[in-house]
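Next come the chains, spelled out residue by residue.
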Amino acid sequence: NCYYEVDHIISFSDIYKTFIETIENLEVNEIKTYYDSKKHRQFFDLSDEYTKSLNNLWVDYHKENATFQKLCKNCHLLKTQKKK
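Since this is a predicted model, take the numbers as computed values, not measurements. (Residues numbered from 1 in each chain as written. Predicted model: local features only at pLDDT ≥ 70, side-chain atom pairs only at ≥ 80, totals over all residues. Heavy atoms only, no water.)

**Student:** Looking at this model, I keep getting lost on the environment of valine 28. Mind explaining?
**Tutor:** Residue placement: valine 28 occurs in the loop between α1 (12-22) and β2 (33-36). Judged by relative accessible area, valine 28 falls into the partly exposed class, the value being 42%. Taking the C-alpha atoms as reference points, valine 28 and threonine 51, 23 residues apart in sequence, are found 9.6 Å from one another. (Helix = DSSP H or I, 4+ residues; strand = E, 2+ residues; numbered from the N terminus. Buried < 20%, exposed > 50% of the residue type's maximum accessible area, 1.4 Å probe, protein only.)

**Student:** Looking at this structure, how should I read the environment of lysine 38?
**Tutor:** In this structure, lysine 38 sits in the loop between β2 and β3 (41-44). Each C-alpha atom of the pair lysine 38 and histidine 8 lies 17 Å from the other, and the pair is 30 residues apart in sequence.

**Student:** Please clarify how the side chain of asparagine 55 should be interpreted in this entry.
**Tutor:** Relative to the helices and strands, asparagine 55 is located in helix α2 (residues 49-65). Apart from the residues lying within four places of it in its own chain, the contact partners of asparagine 55 are Phe44 and Leu46. (Contact = heavy atoms within 4.5 Å.)

**Student:** Would you explain unusual backbone geometry in this entry?
**Tutor:** Glycine aside, residues mostly have negative phi, and peptide bonds are mostly found in the trans state. A positive phi angle, close to 55°, is found at asparagine 25, a residue other than glycine. You can see asparagine 25 is positioned in the loop between α1 and β2.

**Student:** Would you mind showing me how to read the nonpolar core here?
**Tutor:** One broad rule of soluble globular proteins: the nonpolar side chains tend to lie buried together. Among the nonpolar cores identified, the biggest contains eleven residues, and these are Ile15, Phe19, Ile20, Ile23, Leu26, Ile31, Phe44, Leu54, Trp58, Tyr61 and Ala66. When contributions to this core are tallied by element, the ones reaching two or more residues are α1 and α2. Contacts of isoleucine 31, omitting those with residues within four sequence positions, involve Tyr16, Leu26, Phe44, Tyr50, Thr51 and Leu54. (Core = buried A, V, L, I, M, F, W, Y, C linked by side-chain atoms within 4.5 Å.)

**Student:** Help me out: how do you make sense of the packing of aromatic side chains in this one?
**Tutor:** For any pair of aromatic rings, geometry is given as the distance between the ring centres together with the angle between the planes. Summed over the entire model, instances satisfying the criterion amount to seven aromatic pairs. With a centroid separation of 5.4 Å and an interplanar angle of 75°, the aromatic rings of phenylalanine 12 and tryptophan 58 are classed as edge-to-face. On the criterion of sequence distance, the pair formed by phenylalanine 12 in helix α1 and tryptophan 58 in helix α2 is long-range, its members being 46 residues apart. We classify phenylalanine 12 as partly exposed; its relative accessible area is 28%. (Phe/Tyr/Trp six-rings, centres within 6.5 Å; stacked < 30°, edge-to-face > 60°.)

**Student:** Would you mind going over α1 with me for this structure?
**Tutor:** Since one α-helical turn is 3.6 residues long, residues separated by three or four positions face the same way. Inspection of α1 places Ile15, Phe19 and Ile20 among the buried residues, and these make up the whole buried set. Considered in projection along α1, the buried side chains sweep an arc of 140° and stay on one side of the axis. In α1, the exposed residues that point more than 90 degrees away from the buried face are Lys17 and Glu21. The elements touched by buried residues of α1 are β1 (4-8) and α2. (Arc of directions from axis to C-beta.)

The structure is reproduced here in structure tokens:
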């Protein structure tokens, strides 16, 4: 069986870094996130009010700037590990 996952062609972390640069007076240290190891994804902690206030901006920015590709699960893992 071959399982596929959706991969960001431009890495998620690079998109996130450019997003941060677009927000004036952003308090980067105040943004709360958490990593879900089962989904292999970083999420905003929407229980934090400051972080929640950025969520709609982020969703729009990500929608406009992310492009995706389908990779087998192992290929996706290898690509992710190479970035580290």
